[in-house]
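# Examining the three-dimensional arrangement
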Amino acid sequence: MPNITPAQWNYETAAHLLLRSGFGHNGRVRKSTGEATLVRTLANKTPEQAVDWVLRLRVPTVVPQGPGNLVARDWSSFSELRVWWLERMLKPTNPALEKIVLFLHAHFATAQSRVNKSLYMAKQNALFRKYALGDFRELVKEINIDPAMLWWLDGRSNTRRSPNENYARELMELFTLGVFDFAGNRNYSQTDVKEAARMLTGWRIREENGTIESYFDMNRHDRNAKTIFAPDSSETPLQNPANTYTEAATNDGSVAVEEHRRLIDAIFNHRDTEGRPTAARFLVRKLWKFYAYDPEVDAGTSRQDLQLIDDLADVFVASGYKIPAVLRAMFLREEFYAHRTRTVKSPVEYVIGSLRMLRARKTNGLYTFYDNLYLLGDEGHNGKGGMGQMGQTLLDPPDVFSWKGNQYWITSHALLQRAIFAARACARNWFAPTKAPVKIERLIPGGSLPRAEIVDRLLRLLGPLQVDPATRTALIDFLGPADPINVRDLDVKVFKLHPLLQLILMLPQYHVH
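This one's a predicted model, so the numbers in the text were calculated from it and none came from an experiment. (Residues numbered from 1 in each chain as written. Predicted model: local features only at pLDDT ≥ 70, side-chain atom pairs only at ≥ 80, totals over all residues. Heavy atoms only, no water.)

## Considerations on helix H11 (residues 190-199)
- Counting buried positions along H11 yields 7 of 10 residues, so the element is predominantly enclosed.
- In this fold, the buried residues of H11 make contact with helix H10 (166-176), strand S5 (226-228), strand S6 (245-247) and helix H13 (259-268). (Buried < 20%, exposed > 50% of the residue type's maximum accessible area, 1.4 Å probe, protein only. Helix = DSSP H or I, 4+ residues; strand = E, 2+ residues; numbered from the N terminus. Contact = heavy atoms within 4.5 Å.)

## Re the pairing of strand S3 (residues 203-208)
- Two strands pair when backbone bridges link them, and S3 and strand S4 (residues 211-216) are joined in this way by 6 bridges, in the antiparallel orientation. Residue pairing for S4: Arg-204 is matched across the bridge by Tyr-215.
- Counted between consecutive antiparallel strands, the loop separating S3 from S4 contains 2 residues, among which Asn-209 sits at a positive phi close to 55°. (Pairing = 2+ DSSP bridges.)

## Looking at the packing of helix H4 (residues 77-90) against helix H5 (residues 95-107)
- Closest axis-to-axis distance for the H4/H5 pair is 9 Å, and the angle between their directions is 140°. As the angle between them shows, H4 and H5 are arranged oblique. Between H4 and H5, the contacting residues are Trp-85, Arg-88 and Met-89 on the first element and Glu-98, Val-101, Leu-102 and His-105 on the second.
- Per-class residue counts for the contact of H4 with H5 are 4 nonpolar, 1 polar and 2 charged. (Axes fitted to C-alpha atoms, helices over the stretch in contact; angles between N-to-C directions. Parallel < 35°, antiparallel > 145°, perpendicular 65-115°, else oblique. Nonpolar A, V, L, I, M, F, W, Y, C, P; charged D, E, K, R; others polar.)

## Considering the environment of Thr-411
- Structurally, the position occupied by Thr-411 is in the loop between helix H20 (387-390) and helix H21 (412-425).
- A relative accessible area of 39% means that Thr-411 is categorised as partly exposed.
- Residues Thr-411 and Met-390 lie 21 residues apart in sequence; the distance between their C-alpha atoms is 8.8 Å.
- There is a polar contact of 3.0 Å between the side chain of Thr-411 and the backbone nitrogen of Ala-414. (Polar contact = N/O pair within 3.5 Å; in protein donor to acceptor, adjacent residues only side chain to side chain.)

## Concerning the packing of H10 against H11
- At their nearest, the axes of H10 and H11 sit 8 Å apart, and the two run at 125° to each other. One way to sum up the angle between H10 and H11 is to call them oblique. Where H10 crosses over H11, the two elements pack in a sense that is right-handed. Residue-level contacts link Ala-168, Arg-169 and Met-172 of H10 to Gln-190, Asp-192, Val-193, Ala-196 and Ala-197 of H11.
- Considering only residue class, the contact of H10 with H11 consists of 5 nonpolar, 1 polar and 2 charged. (Left-handed = near helix turned anticlockwise from the far one by under 90°.)

## Here we look at the packing of aromatic side chains
- Summed over the entire model, instances satisfying the criterion amount to 20 aromatic pairs.
- Their ring planes at 20° and their centres at 6.0 Å tell us that Phe-108 and Phe-128 sit as a pair that is stacked. In this pair, Phe-108 is assigned in the loop between H5 and helix H6 (112-115) and Phe-128 in helix H7 (residues 118-131), connecting sequence segments 20 residues apart. In this structure, Phe-108 and Phe-128 share a single accessibility class: buried.
- Relative to Phe-175, the ring of Tyr-167 has its centre 6.2 Å away and its plane inclined at 50°; by these criteria the two rings are tilted.
- Look at Tyr-167 and you get buried, because its relative accessible area is 5%.
- Every member of this aromatic cluster is reached through a ring pair, and the members are Trp-9, Phe-103, Trp-288, Phe-290, Tyr-291, Tyr-293, Phe-331, Phe-336 and Tyr-337.
- The aromatic ring of Phe-23 is capped on one face by Lys-99, whose charged end is 5.2 Å from the ring centroid. (Phe/Tyr/Trp six-rings, centres within 6.5 Å; stacked < 30°, edge-to-face > 60°. Lys NZ or Arg CZ within 6 Å of the ring centre and 35° of its normal.)

## Notes on the nonpolar core
- Formed by 157 residues in total, the largest nonpolar core has its most connected members in Phe-108, Phe-136, Phe-331 and Ile-454.
- With sequence-adjacent residues up to four places away left out, Phe-108 is seen in contact with Gln-124, Phe-128, Phe-136, Leu-139, Val-140, Ile-143, Met-149 and Phe-175.
- Counting 5 residues, the second-largest nonpolar core is a separate cluster that includes Val-344, Trp-403, Trp-409 and Val-512. (Core = buried A, V, L, I, M, F, W, Y, C linked by side-chain atoms within 4.5 Å.)

## A few points about the pattern of salt bridges
- Applying the stated criterion across every chain, the model contains 38 salt bridges.
- Put simply, Glu-213 and Arg-206 hold a salt bridge, and the shortest N to O gap is 2.4 Å.
- Exposure remark for Glu-213: the relative accessible area of 38% places this residue in the partly exposed category.
- Residue Arg-206 is classed as partly exposed on the basis of its relative accessible area of 31%.
- Between Glu-441 and Lys-493 there is a salt bridge, with its nearest N and O atoms 3.7 Å apart. You can see Glu-441 sitting in the loop between H21 and strand S7 (448-449) and its partner Lys-493 sitting in helix H24 (residues 490-505), a full 52 residues away along the chain.
- By relative accessible area, Glu-441 is classed as partly exposed at 28%.
- The class for Lys-493 is buried, based on a relative accessible area of 13%.
- When salt bridges that share partners are traced, they join Asp-272, Glu-274, Arg-276, Arg-281, Arg-303, Asp-310 and Asp-314 into one network. (Salt bridge = Lys/Arg side-chain N within 4 Å of Asp/Glu carboxyl O.)

## Focus: a nonpolar patch on the surface
- Among the surface-exposed residues, Trp-430, Phe-431 and Phe-495 lie close enough to one another that they form a single nonpolar patch of about 400 Å² accessible area.
- Within the element layout of this structure, Phe-495 appears in helix H24. (Patch = residues over 30% accessible without salt bridge, like charges linked within 9 Å, V, L, I, M, F, W, Y side chains within 5 Å. Areas by Shrake-Rupley, 256 points an atom, 1.4 Å probe, with all protein chains shown as cover.)

## Regarding the environment of Met-506
- Inspection of the secondary structure puts Met-506 in the segment after H24.
- Using a relative accessible area of 27% as the deciding quantity, one classes Met-506 as partly exposed.
- What Met-506 contacts, discounting residues up to four positions off in sequence, is Tyr-350, Leu-415, Arg-418, Ala-419, Ala-422 and His-511.

Rendered as structure tokens:
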């Protein structure tokens, strides 16, 4: 498919762009039409102008490492770091940057459950921010020696006398190449894992005066020659001999300290058995899956998305492996807008997107009737309704494979937790009506409105959501027999309009994008 055209660009596509590139619009509404102001603004632009606006990314010169009050070994301060990050997702200024950081966190999955050092994770989060707009190859080189990753995958204990293959294996399997190429042939062998592990020996972690850094210890480094990506008759018989890289033996520490960087160069120079840049294909596929849907590119499938992924991989390579460049190309593709209900929102997307689009304001420290961000980011009030209960605790993915995503977000337990969140987010206390994080009067105009208009406005604002006639009729009937209804009436707000918001947040159509 070609790029989306101005004739195809409209309010619905602009809303989809905001949902996928970030966490939806900011909740500001044109009361005269019921449309989200930001969505309408983007809809009135050309597709290129809208995408460029969304990707107007900025990274500060000095990248913050969390809230600034963390210590190296403090389990409780993980909550502080989590809240710090969630607050940045909620802010209207730079959601696309936070979405890139979320992708990188999921891609280089590193978890609190093992690292158990909030300052390590804050440093890694800052690393993601620093390279969010830069060369992905340089980011991988930094990840090689990132303290959190050295701890998570045992790089700190990888020595010449006792090589540890954990990180080397995941580096190739999950972070850069994938086990198999799109044609179904192996990209690397067990020998390659062993050789890569030897190239990564000698890195350690130093904690001193509240700071953390990695450093190279030549005494722990394997000084002998190593060779990777040579054809292996039993595992990689189709390996292109041009992929072979040999690192010469050395006793020079100034040469050895850069060995891990040359390993990454060799990985990104790798070509698969179809002659394509392996890492570019692998990474673009993951980006497309994260932002759009899981593409069909493998042998044995229709491979209907192969040209799409190859086109985007070419953009990625030509840009110097810069994520914003490939995102711009992705967001302009017609395919990006052709499947608007194919991917289930993650708990982070569901919760943060809801709070943004409902224009929730922190009230007495709370973002729902019961929950502050500490609770929402973890288990929720009384252990219910938080993102952790929905299956996604930031900074603590389940394993190195990260969260499975999509349909795996939808379980009976997870849906119940989403319903609990929806009820709390949309609750309105009759006895203290002004102390509500979410207020319906921010979303629709005052006065008397027909029931159907209220429902249609909210469906358009929170999606737009396409529901069948029976569902629309049920939502209208939920508001009672009076028509029109006075939306200024407190009883109507508390017992009709706020519960209506809750019902919309639990529609199947709202859980996908």
